[in-house]
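# Chain and residue survey
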Amino acid sequence: PWTARDSGELYGLENWGGGYFGVSPRGTVEVRPNQTTDATVDMLELVEGLAERGIATPVVLRFDGILEHRMRHIRGAFDHAISAAGYGGNYTCVYPIKVNQQRHICEVIRDVGREINFGIEAGSKPELLAGLALTEGVNEMPFICNGFKDAEFLETVILAAKMGRNILPVMEQVHELELLVKQAREHNVTPKFGVR
């Protein structure tokens, strides 16, 4: 007789699921947001519940717990490596907004990142503005600015620094540094910046 285990092996859930997906005892796909069977979501039950409310597939489902668990795993891996190597510096992971700009995802990144000292990265003016709005009231969160930087971009960075944001533009060209200095002088700000 066919078993739930047979289904798991056939579809390779344990191989590609990273511990976040598996087969339930009923033989259905289940999601394990923290990689344990302590808290699982039965996908068949979820889809049937959506259908009862008039929501038809296909749908996109996001599990904040998986994102949070991955962020904490990365933090733990770096903390362990730093301790094992006796490294005297710090580690700060930054999430590039361009990867997924959807508000819900960015808010999870912000909320968990605030707790574990992760930041965000913007590479364009729209991303810069979105990131500033996202992190309003979270001044300590590291905010890295990459990409093309014109006077308007750098003035926004300088004004954010003046408001107490932990913002760091990364200078890639001499004229960007000149624009940064000009904006800093005009607004009486001593900025932090990186160089690539």
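Worth saying up front: this structure is predicted, and the values here are computed from it rather than measured. Residue numbers here run from 1 along each chain, matching the order of that chain's written sequence. Local features are withheld for residues below a pLDDT of 70 in this predicted model, meaning they are given only at 70 or higher, and side-chain atom pairs are given and counted only at 80 or more; totals for whole chains, interfaces and linings count all residues. With hydrogens and water set aside, each side-chain value is computed from the structure's full complement of heavy atoms.

On to the confidence of the model for the protein chain, then. When the pLDDT values of the protein chain are averaged, the result is 93; 100% of them are 70 or greater. Between the elements of the protein chain, mean pLDDT differs from a low of 84, seen in helix H2 (residues 13-16), to a high of 97, seen in strand E6 (residues 143-145). pLDDT is defined as a per-residue confidence score from the predictor, taking values between 0 and 100. Helix numbering and strand numbering both begin at the N terminus, where a helix is a DSSP run of H or I of at least 4 residues and a strand a DSSP run of E of at least 2.

When DSSP finds at least two bridges between two strands, those strands are taken to pair. In space, the 5 strands of this open sheet follow the order E4-E5-E6-E7-E8, with parallel pairing throughout. Taken across any chain shown, the strands that pair with only one partner, and hence form the sheet edges, are strand E4 (94-96) and strand E8 (194-195). Looking at chain direction, strand E5 (residues 119-122) and E6 are connected through 3 bridges and run parallel. In the sheet register, alanine 122 faces E6, and the bridge partner there is cysteine 145. In what follows, residue pairs with any heavy atoms lying within 4.5 Å of each other are defined as contacts. Think of each axis as a best-fit line through the C-alpha atoms, taken over the contacting stretch in the case of a helix, with angles from 0 to 180 degrees between the N-to-C directions. Sheet contacts for helix H7 (residues 151-162): E6 and strand E7 (167-171); angle to E7, the most-contacted strand, approximately 150 degrees.

What follows deals with the packing of aromatic side chains. Stacked, edge-to-face and tilted are the three classes for Phe, Tyr and Trp ring pairs, Trp counted by its six-membered ring, which pair at centre distances within 6.5 Å; planes under 30 degrees apart are stacked, over 60 edge-to-face, the rest tilted. All told, the structure shown has 3 aromatic pairs when counted by the stated rule. Here the aromatic rings of phenylalanine 78 and tyrosine 91 are separated by 3.7 Å at their centres, their planes lie at 0 degrees, and the arrangement is stacked. Here phenylalanine 78 is found in helix H4 (residues 64-85), whereas its partner tyrosine 91 is found in the loop between H4 and E4, with 13 residues between them in sequence. Throughout this description, buried means an accessible area under 20% of the type-specific maximum (1.4 Å probe, protein chains only), exposed means over 50%, and partly exposed covers the range between. The exposure class assigned to phenylalanine 78 is partly exposed, which follows from its relative accessible area of 37%. The interplanar angle of 90 degrees and the centroid separation of 6.3 Å between the aromatic rings of tyrosine 91 and phenylalanine 118 together place this pair among those described as edge-to-face. Taken together, the positions of tyrosine 91 in the loop between H4 and E4 and phenylalanine 118 in the loop between helix H5 (103-116) and E5 put the pair 27 residues apart, joining distant regions of the chain.

Let us now look at the pattern of salt bridges. By definition, a salt bridge exists where a carboxyl oxygen of Asp or Glu is found within 4 Å of a side-chain nitrogen of Lys or Arg. Inspection of every chain in the model, using the stated rule, returns 16 salt bridges. For arginine 72, the salt bridge goes to glutamate 115, with nearest N and O atoms at 3.0 Å. Residue arginine 72 is found in helix H4, and its partner glutamate 115 is found in helix H5; the two are separated by 43 residues along the sequence. On the basis of relative accessible area, arginine 72 is assigned to the partly exposed category, the value being 31%. Accessibility expressed as a relative area gives 57% for glutamate 115, which makes it exposed.

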